[in-house]
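# Residue-level structure breakdown
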Amino acid sequence: EAGVAQSPRYKIIEKRQSVAFWCNPISGHATLYWYQQILGQGPKLLIQFQNNGVVDDSQLPKDRFSAERLKGVDSTLKIQPAKLEDSAVYLCASSRLEAFFGQGTRLTVV
Amino acid sequence: TQLLEQSPQFLSIQEGENLTVYCNSSSVFSSLQWYRQEPGEGPVLLVTVVTGGEVKKLKRLTFQFGDARKDSSLHITAAQPGDTGLYLCAGAPYYGQNFVFGPGTRLSVLP
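Residues numbered from 1 in each chain as written. Chains lettered and ligands numbered in written order. Predicted model: local features only at pLDDT ≥ 70, side-chain atom pairs only at ≥ 80, totals over all residues. Heavy atoms only, no water.

## With respect to the overall build of chain A
Heads up, the rule is: In DSSP terms, a helix is any run of H or I states spanning at least four residues, a strand is any run of E spanning at least two, and both are numbered starting from the N terminus. Only the C-alpha atoms count toward the radius of gyration. The rule for a globule is 2.2 Å times the residue count to the power 0.38. Residue burial is assigned from relative accessible area. The probe radius is 1.4 Å, only protein chains are included, and a residue is buried under 20% of its type maximum, exposed over 50%, and partly exposed in between. By definition in these notes, contact holds between two residues if any of their heavy atoms fall within 4.5 Å. Surface accessibility in these figures is a Shrake-Rupley result with a 1.4 Å probe; residues are shielded only by whichever protein chains are displayed.
A count of helices and strands for chain A gives zero helices and 11 strands. Secondary structure of chain A in N-to-C order comes out as β-β-β-β-β-β-β-β-β-β-β. Against the compact-globule benchmark of 13 Å for 110 residues, chain A has a radius of gyration of 13 Å, which places it among compact chains. For chain A, the spread of C-alpha atoms along the three principal axes comes to 35 × 25 × 25 Å. Going through the 110 residues of chain A one by one, you find that 44% of them count as buried. Across chain A, the fraction of contacts at a sequence separation of at least 24, relative to all contacts at a separation of at least 6, is 50%. About 5500 Å² of surface is accessible on chain A, with carbon and sulfur atoms providing 50% of the total.

## Quick word on the state of the cysteines
What counts here: A pair of sulfur atoms, both from cysteines and within 2.5 Å, is called a disulfide here.
The final tally for this structure, using the stated rule, is two disulfides over all chains. Two residues, Cys-23 of chain A and Cys-92 of chain A, share a disulfide whose sulfurs are 1.9 Å apart. As the torsion about the S-S bond is roughly -70°, the Cys-23 of chain A-Cys-92 of chain A disulfide counts as left-handed. One end of the pair, Cys-23 of chain A, is in strand S3 (residues 19–24); the other, Cys-92 of chain A, is in strand S9 (residues 88–95), with 69 residues separating them in the sequence. Both residues of the pair, Cys-23 of chain A and Cys-92 of chain A, count as buried. Paired by a disulfide, Cys-23 of chain B and Cys-89 of chain B hold their sulfur atoms 2.0 Å apart. Here Cys-23 of chain B and Cys-89 of chain B share a disulfide; its torsion about the S-S bond, 75°, makes the bridge right-handed. In this pair, Cys-23 of chain B is assigned in strand S3 (residues 19–24) and Cys-89 of chain B in strand S9 (residues 85–92), connecting sequence segments 66 residues apart. Looking at Cys-23 of chain B, the relative accessible area reads 0%, which means it is buried. We classify Cys-89 of chain B as buried; its relative accessible area is 0%.

## A closer look at the interface of chain B and chain A
Quick note on the threshold: Once two parts are joined, some of their accessible surface, as seen by a 1.4 Å probe, is lost; buried area is that loss totalled over both. The salt bridge criterion pairs a side-chain nitrogen of Lys or Arg with a carboxyl oxygen of Asp or Glu, the two atoms within 4 Å. Here a polar contact means two N or O atoms within 3.5 Å. Within protein one must be a hydrogen donor candidate and the other an acceptor candidate, and residues neighboring in sequence count only if both atoms are side-chain atoms.
Each side of the interface is counted separately: chain B has 20 residues, and chain A has 22 residues. Interface area, chain B with chain A, both sides summed: about 1600 Å², of which 52% is carbon and sulfur. When the buried area of chain B at its contact with chain A is split by residue, Asn-98, Phe-99 and Phe-101 of chain B rank highest and sum to 30% of it. Inspection of the region where chain B meets chain A yields zero salt bridges. Here chain B is connected to chain A by six residue pairs in polar contact (both at pLDDT 80 or more). Secondary structure elements with two or more residues in the side of chain B that touches chain A: strand S4 (31–37), strand S5 (44–49) and S9 of chain B. Ranked by the residues each element gives to the side of chain B that touches chain A, the list is headed by S4 of chain B, at three residues.

## Comments concerning the sheet that holds strand S8 (residues 75–79) of chain A
Residue and element names in this part refer to chain A. Condition: Two strands make a pair as long as DSSP finds a minimum of two bridges between them. Lines are fitted to the C-alpha atoms to define the axes, a helix being fitted only along its stretch in contact, and any angle between axes, read from their N-to-C directions, falls within 0 to 180 degrees.
Taken together, four strands build an open sheet; the order of strands is S1-S3-S8-S7 and the sheet is antiparallel. Strand pairing shows two members of the sheet lacking a second neighbour, strand S1 (5–7) and strand S7 (65–68), which therefore form its edges. Across the sheet, the mean angle separating the axes of adjacent strands is 15° when strand polarity is ignored. Pairing of S3 with S8, which is carried by five bridges, proceeds in the antiparallel orientation. Considered in S8, the bridge of Cys-23 is made with Ser-75.

## Notes on the pattern of salt bridges
All names here are of chain A. Enumeration over the complete set of coordinates arrives at four salt bridges over all chains. With its nearest N and O atoms 3.7 Å apart, the salt bridge here joins Asp-57 to Lys-62. For Asp-57, a relative accessible area of 26% puts it in the partly exposed group.

Structure follows, in structure tokens:
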């Protein structure tokens, strides 16, 4: 069974630029999560999808972050414009009972 | 807000020693997961516990879920350098709800 796929693995951008991350979950997993993990901390939930609907986006900074999962499969997370404090690893996970993670995208904002 | 605390925050031990790390909350969870994360990688699921008092063993790792389903422990016997990593616990208050993560215990096993 293929795992959760994320791209790109690494991204370096200047502040105020835009960036987008892509996630392909495990086949058949209806629930998809985006997490932000700052160095030395545990992952923090940004948004949870159930199929193509948003279940929880209470911790998503909506003034600059957006996410979509139009067909209930792949998802994209966008940051526009990026700030220095957005430097982190962005993890995508999908689940039935247990969450399985992708390798993450390491974003550096300079 | 469901809050998970983990202790200790950092742990450095010699190869062959035993250790226990803890995950605690004031809230009840329907299930709790333990993950290990290595640098540059996403967290990898180790185990899921769902029943209060449940004990699961995975080779040298023993996981326990508290009777009240508010806490859990991970015990490693005869630690090896390959056990080095960030150990995260995550809980879901109800099935299908989002997972809340603890801050993690960073374990270093020295040869």
